[in-house]
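# Chain and residue survey
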Protein chains: 2
Amino acid sequence: MRTLVSTDADFETAFAALLNMKRETDEDVDSQVAAILADVRRRGDAALIEYTARFDRLELNASGLAITADEIEAACASCDPNLLSALELAAARIRAFHHRQIPGDDHFVDDVGVRLGLRWTAVQAAGLYVPGGTAAYPSSVLMNAIPAKAAGVERLVMVVPSPGGRLNPLVLAAARIAGIDEIYRVGGAQAIGALAYGTATIRPVDKIVGPGNAYVAAAKRRVFGTVGIDMIAGPSEILVVADNGNDPGWIAADLLSQAEHDTAAQSILITDDAEFGRRVAQAVDSHLKTLSRAAIARDSWDRHGAVIVVPSLADSVPLIDRIAPEHLELAVAEPEALAARVRNAGAIFLGRFTPEAVGDYVGGPNHVLPTARSARFSSGLGVLDFMKRTSLLGCDAASLRAIGPAAARLAEAEGLSAHGLSVGIRLNLGME
Amino acid sequence: MRTLVSTDADFETAFAALLNMKRETDEDVDSQVAAILADVRRRGDAALIEYTARFDRLELNASGLAITADEIEAACASCDPNLLSALELAAARIRAFHHRQIPGDDHFVDDVGVRLGLRWTAVQAAGLYVPGGTAAYPSSVLMNAIPAKAAGVERLVMVVPSPGGRLNPLVLAAARIAGIDEIYRVGGAQAIGALAYGTATIRPVDKIVGPGNAYVAAAKRRVFGTVGIDMIAGPSEILVVADNGNDPGWIAADLLSQAEHDTAAQSILITDDAEFGRRVAQAVDSHLKTLSRAAIARDSWDRHGAVIVVPSLADSVPLIDRIAPEHLELAVAEPEALAARVRNAGAIFLGRFTPEAVGDYVGGPNHVLPTARSARFSSGLGVLDFMKRTSLLGCDAASLRAIGPAAARLAEAEGLSAHGLSVGIRLNLGME
């Protein structure tokens, strides 16, 4: 962990270094992934089955690719009812928040009689990648699937690897609660290939979302264009802005809640009280003695953590916008006023009683958020990611007479005479 | 040009081949582009000036990179006033259509007292690439710049190469009309590098949009992540659905208005009257005798054009959705009814008096649209492409008590104990 003081002479250098810190390790798996995708495209189910045997140590035939309704039922029955009701609460809150995002169409006739419109429609079929193993988070199933269903996606297909045949029953329970239509026990680049190109068993989708390892990320990049994809997520980040009116132990827990995700995660505290910053750092050390993922969290905090001391909370605003954090926690007396001045953040958590973790599960907003400073130009996952716009334009003879000549003139100026002809021929402008 | 009849036994094979036809030629320029980007990142203006001398045959010093207000003024003064007023009409109509897209924020308190919100903010700075030479279209400047300004982008930066020092005065006039803030006479991968990484003269932006050649497209793909980018556009396409109530010459002109863009463009007619289809094809041949870009248009039509005959217009709907055309023209008696049944299209042109070309210039909707079947999952350029969402979540002690325990329970189930701690410590749940 490093401490930066914004009034120090070398602050700009140290802050720029913090911004440009490279946390992700690039694994070069692209050529392997290209070969797997080409193979799935060519051989379909047969390739999928072979890669599943090789990578997941699971022998299947084509009829075993799909997870059956009975299996899902059995998985749900095996879950702790308290966890199921927590998932139901989370799903209801996520659904309520996302339903408000469904956009309205716009249809109007302008003053020269041109009919205009902008119409939203849902993507017909979407695929959701769910990682296997330790990163198989039921909360991610809800966060990715519920916006798709709210958008009106008719066919939502989940793929999840089951190494050695094992699946997390809570993941299947979350899939059922979210309304997923089909589930296949495949993963890796081969699953992305199946979703993009289709096989005899898995029909292709139009868009693929969801987190995954380096192979999955590389496969998503490669199939982009054939299908849509969501962002490629980087390591998680939190920026907490806190004054000395907070319990240092609470803020320390918040910083650690990102740090425990991944040694490449980054937790930053901005405070207007250097002494408070020191007490938070002490509390971090103290919490680390008891946490189950202490080794990961400690490594993240040591390597990427930072405490930045500013003269006043207002001085945090330009720093926040440059960091453009995935998660921004404003543990201050008047969080709304400070939030209103921030331009770049994926999600903002307001006040002393809103730990970021509550937003990971049950807040309602999405936990799939832009990382690595991309909140400058991108947004968390939402309903609009599963919809697309079609513009509508309608002229009659009179309104074409009103606006057509300008179009024909510009077309000719751009050297596009067939463009001009297509307008002029309807206006009898006698254009060549 | 090929003719397909939907009731023929081999239709599905022929239609699938049409869908999968590869029209784009991949130019492998990626390693060259990587080197140029790295050089601009390292050496800034000096690299930009060297590449401009090499590729654009233009010797500049750093102070000559920016195009001055006087130069823009002089360019506007040299333009045909009729063209300037056509540009002004186009800009006003594009502005009016796009202003309606500005989204509203959402702030509410739910039934357990949690404060929730979704807030839109504009990208702070955006870059617009404008190609030089024959593809320097003033209409594209308007279509890319006006949505950015409508969104509230504060700093809109245009880059445009000026081979041999020459610039299209109408492009500069369009830039002034659209409200662009800075213009630099640089192009190619080096201009994309300057926008993404910044140089002493050109400050970096957050998002880059606009069309370009293979070098520009490769550079945009490479800087994606550092900045946002728009879609990578493929060759243009039109799908016209027309019955025999149309003048074949009008429909032929519409098909040619896409074909003249590029030999890789694709124009398809779907009709319920085979004889009408033949008459359109004859009219295409007739128009080709007089068009200025006949060689390009003929090549596109011969190689990629198609006439598809269906028993009734209703049979066109599933074919439209599979083609997912960039431009869909419905030259039929009841275009709205047919449009309502279409899911996948970038833009729809309604009725017999709405040639697609009117939408390229003065309709109001954007002409930057999804190509290559990507209308299945993506949209034309709009105001939302220059904005991003931030979610807001605020609990007090009481509302955290209502929803926090479920969050803590799910966190523990996912093995994330610091997540659980950050909630539990505020609830005195005594979680470890």
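Residues numbered from 1 in each chain as written. Chains lettered and ligands numbered in written order. Predicted model: local features only at pLDDT ≥ 70, side-chain atom pairs only at ≥ 80, totals over all residues. Heavy atoms only, no water.

The name an unreviewed UniProt entry assigns to chain A is Histidinol dehydrogenase, from the organism Magnetospirillum molischianum DSM 120. Per UniProt, the comment on chain A under Function (unreviewed entry) is "Catalyzes the sequential NAD-dependent oxidations of L-histidinol to L-histidinaldehyde and then to L-histidine." Turning to chain A, the UniProt record has this under Pathway (unreviewed entry): "Amino-acid biosynthesis; L-histidine biosynthesis; L-histidine from 5-phospho-alpha-D-ribose 1-diphosphate: step 9/9." (UniProt positions renumbered as here; feature names shortened; annotations may be inferred.)

Turning our eyes to something else, we now look at the overall build of chain A. Helix and strand counts for chain A come out as 17 helices and 14 strands. Considering chain A as a whole, with its 432 residues, one finds that 61% of them fall into the buried category. When the accessible area of chain A is evaluated, it comes to approximately 15,500 Å², of which 51% is carbon and sulfur surface. With 40 positive and 52 negative side-chain charges, chain A shows a separation of 4 Å between the mean positions of the two kinds. (Helix = DSSP H or I, 4+ residues; strand = E, 2+ residues; numbered from the N terminus. Buried < 20%, exposed > 50% of the residue type's maximum accessible area, 1.4 Å probe, protein only. Areas by Shrake-Rupley, 256 points an atom, 1.4 Å probe, with all protein chains shown as cover. Lys, Arg positive; Asp, Glu negative; His and termini not counted. Charge placed at Lys NZ, Arg CZ, Asp CG, Glu CD.)

A word on helix 1 (residues 11-20) of chain A. Residue and element names in this part refer to chain A. Along helix 1, the residues classified as buried are Phe11, Phe15, Leu18 and Leu19. Axial view of helix 1: buried residues confined to an arc of 100°, hence all on one face. The exposed residues of helix 1 that point more than 90 degrees off its buried face are Thr13 and Asn20. The inward-facing, buried residues of helix 1 contact strand 1 (2-5), strand 10 (266-271), helix 12 (294-304), strand 11 (306-309) and helix 13 (316-323). (Arc of directions from axis to C-beta. Contact = heavy atoms within 4.5 Å.)

Time to look at the relation of the copies chain B and chain A. Of the transformation placing chain B onto chain A, the axial shift is 0.0 Å and the rotation is 180°, giving an RMSD of 0.0 Å. Within this description, the copies of the chain are treated as partners about a two-fold rotation axis. Judged by C-alpha distance, Pro103(B) is the residue of chain B that lies nearest the rotation axis, at 4.6 Å. Comparing interface residues between copies, 100% of those in chain B also sit at the interface in chain A, which points to an isologous, same-surface contact. (Least-squares fit on C-alpha atoms with pLDDT ≥ 70 in both.)

In this section: the sheet that holds strand 14 (residues 387-394) of chain A. Taken in spatial order, the 9 strands make up an open sheet running 2(A)-3(A)-14(A)-13(B)-12(B)-9(B)-10(B)-11(B)-1(B), and their pairing is mixed. Each edge of the open sheet carries a strand with a single partner, namely strand 2 (106-109) of chain A together with strand 1 (2-5) of chain B. Here the strands of the sheet are splayed against their neighbours by 15° on average, with no regard to which way each runs. Across the sheet, helix 1 (residues 11-20) of chain B lies against strand 1, strand 10 (266-271) and strand 11 (306-309) of chain B, angled at about 135° from strand 1 of chain B, the strand it touches most. Helix 13 (residues 316-323) of chain B rests against strand 9 (237-242), strand 10, strand 11 and strand 12 (327-331) of chain B of the sheet, and its axis sits at about 175° to strand 9 of chain B. (Pairing = 2+ DSSP bridges. Axes fitted to C-alpha atoms, helices over the stretch in contact; angles between N-to-C directions.)

With that settled, consider helix 9 (residues 214-223) of chain A. Residues and elements named next belong to chain A. Along helix 9, the residues that are buried comprise Val216, Ala217, Ala218, Ala219, Lys220 and Val223. At its buried positions, helix 9 is contacted by helix 2 (30-43), strand 4 (125-129), helix 8 (188-197), strand 7 (207-209) and strand 8 (228-229). At the N-terminal end of helix 9, a side-chain oxygen is found 3.0 Å from the backbone nitrogen of Tyr215, two or three residues along, and the residue is Asn213. The positive-phi residue at the C-terminal boundary of helix 9 is Gly225, with phi of around 115°. (Polar contact = N/O pair within 3.5 Å; in protein donor to acceptor, adjacent residues only side chain to side chain.)

This part takes up the UniProt feature "binding site: NAD(+)" (unreviewed entry) in chain A. Residues and elements named next belong to chain A. In the UniProt entry, the feature "binding site: NAD(+)" (unreviewed entry) is given for Tyr129, Gln190 and Asn213. Spanning 85 residues, the named residues form one tight spatial group whose C-alpha atoms are at most 12.7 Å apart. Locating Gln190 in the fold gives a position in helix 8. Those residues within four positions of Gln190 in sequence are excluded, and the remaining contacts are Ile36, Val40, Leu48, Tyr51, Thr52 and Phe55. A polar contact of 3.0 Å, which involves the side chain of Asn213, links it to the backbone nitrogen of Tyr215.

All right, on to the domain arrangement of chain A then. What the domain assignment reports for chain A is domain 1 (2-23 + 234-363), domain 2 (30-101 + 122-229) and domain 3 (395-427). Here domain 2 of chain A and domain 3 of chain A have C-alpha centroids that lie 49 Å from each other. (Domains from an automatic or database assignment.)

Quick look at the interface of chain B and chain A now. Contacts between chain B and chain A engage 117 residues on the former and 117 residues on the latter. Interface area for chain B against chain A, summed over the two sides, is near 10,000 Å², with a carbon-plus-sulfur share of 58%. At the junction of chain B and chain A, the tally comes to 16 salt bridges. Scanning the region where chain B abuts chain A turns up 67 residue pairs in polar contact (both at pLDDT 80 or more). Broken down by element, the residue count for the side of chain B that touches chain A peaks at 10 residues, all from helix 16 (residues 397-413) of chain B. Classifying every residue of the side of chain B that touches chain A by side-chain character gives 60 nonpolar, 32 polar and 25 charged. (Buried area = accessible area lost by both parts, 1.4 Å probe. Salt bridge = Lys/Arg side-chain N within 4 Å of Asp/Glu carboxyl O. Nonpolar A, V, L, I, M, F, W, Y, C, P; charged D, E, K, R; others polar.)

This model, assessed by the stated rule, comprises 44 salt bridges over all chains. We note a salt bridge from Asp243(A) to Arg352(A), for which the minimum N-O separation is 2.8 Å. One end of the pair, Asp243(A), is in the loop between strand 9 (237-242) and helix 10 (248-259); the other, Arg352(A), is in the loop between strand 13 (347-350) and helix 15 (356-361), and 109 residues separate them in sequence. By relative accessible area, Asp243(A) is classed as buried at 11%. Glu12(B) is the salt-bridge partner of Arg322(B), the closest N and O atoms lying 2.8 Å from each other. Residue Arg322(B) is found in helix 13, and its partner Glu12(B) is found in helix 1; the two are separated by 310 residues along the sequence. Relative accessible area serves as the criterion here: at 30%, Arg322(B) is assigned to the partly exposed category. Overlapping salt bridges, with partners in common, bring together Asp39(A), Arg42(A), Arg43(A) and Glu50(A) in one network.

The tally for this structure, following the rule as stated, stands at 8 aromatic pairs over all chains. Centre to centre, the rings of Phe11(A) and Phe15(A) are 5.4 Å apart; their planes meet at 20°, and the pair counts as stacked. Taken together, the positions of Phe11(A) and Phe15(A), both in helix 1 and 4 residues apart, correspond to about one turn of that helix. Grouping residues by exposure puts Phe11(A) and Phe15(A) together as buried. Measuring from centroid to centroid gives 5.9 Å for Tyr51(A) and Phe55(A), while their planes differ by 5°, and the two rings are stacked. With Tyr51(A) and Phe55(A) both in helix 3 (residues 45-56) and 4 residues apart, this pair spans about one turn of that helix. We classify Tyr51(A) as buried; its relative accessible area is 7%. Note on Phe55(A): relative accessible area 39%, which makes it partly exposed. When the ring centre of Phe108(B) is taken as reference, the NZ or CZ atom of Arg100(A) above it lies at 3.5 Å. Over the face of the ring belonging to Phe55(B) we find Arg54(B), whose NZ or CZ atom lies 5.6 Å from the ring centre. (Phe/Tyr/Trp six-rings, centres within 6.5 Å; stacked < 30°, edge-to-face > 60°. Lys NZ or Arg CZ within 6 Å of the ring centre and 35° of its normal.)

The strand order 1(A)-11(A)-10(A)-9(A)-12(A)-13(A)-14(B)-3(B)-2(B) describes an open sheet built from 9 strands, whose pairing is mixed. If you trace the sheet from one side to the other, it starts and ends with strand 1 of chain A together with strand 2 (106-109) of chain B, each paired once. Recorded for the sheet is a direction-independent mean angle of 15° between the axes of neighbouring strands. Sheet topology note: the strand 9 of chain A/strand 10 of chain A ladder contains 6 bridges and is parallel. What sits directly across from Val241(A), in strand 10 of chain A, is Ile270(A). Relative to strand 10 of chain A, helix 12 of chain A is tilted by about 55°, and along the sheet it contacts strand 1, strand 10 and strand 11 of chain A.

Interaxial distance between helix 10 of chain A and helix 17 (residues 417-427) of chain B falls to 7 Å at its minimum, and their mutual angle equals 155°. One way to sum up the angle between helix 10 of chain A and helix 17 of chain B is to call them roughly antiparallel. By crossing handedness, the relation of helix 10 of chain A to helix 17 of chain B is classed as left-handed. Each of Gly249(A), Trp250(A), Ile251(A), Ala253(A), Asp254(A), Leu256(A), Ser257(A) and Gln258(A) in helix 10 of chain A lies in contact with helix 17 of chain B, whose residues at this interface are Ala418(B), His419(B), Leu421(B), Ser422(B), Ile425(B) and Arg426(B). Among the residues forming the contact of helix 10 of chain A with helix 17 of chain B, the class breakdown is 7 nonpolar, 5 polar and 2 charged. (Parallel < 35°, antiparallel > 145°, perpendicular 65-115°, else oblique. Left-handed = near helix turned anticlockwise from the far one by under 90°.)

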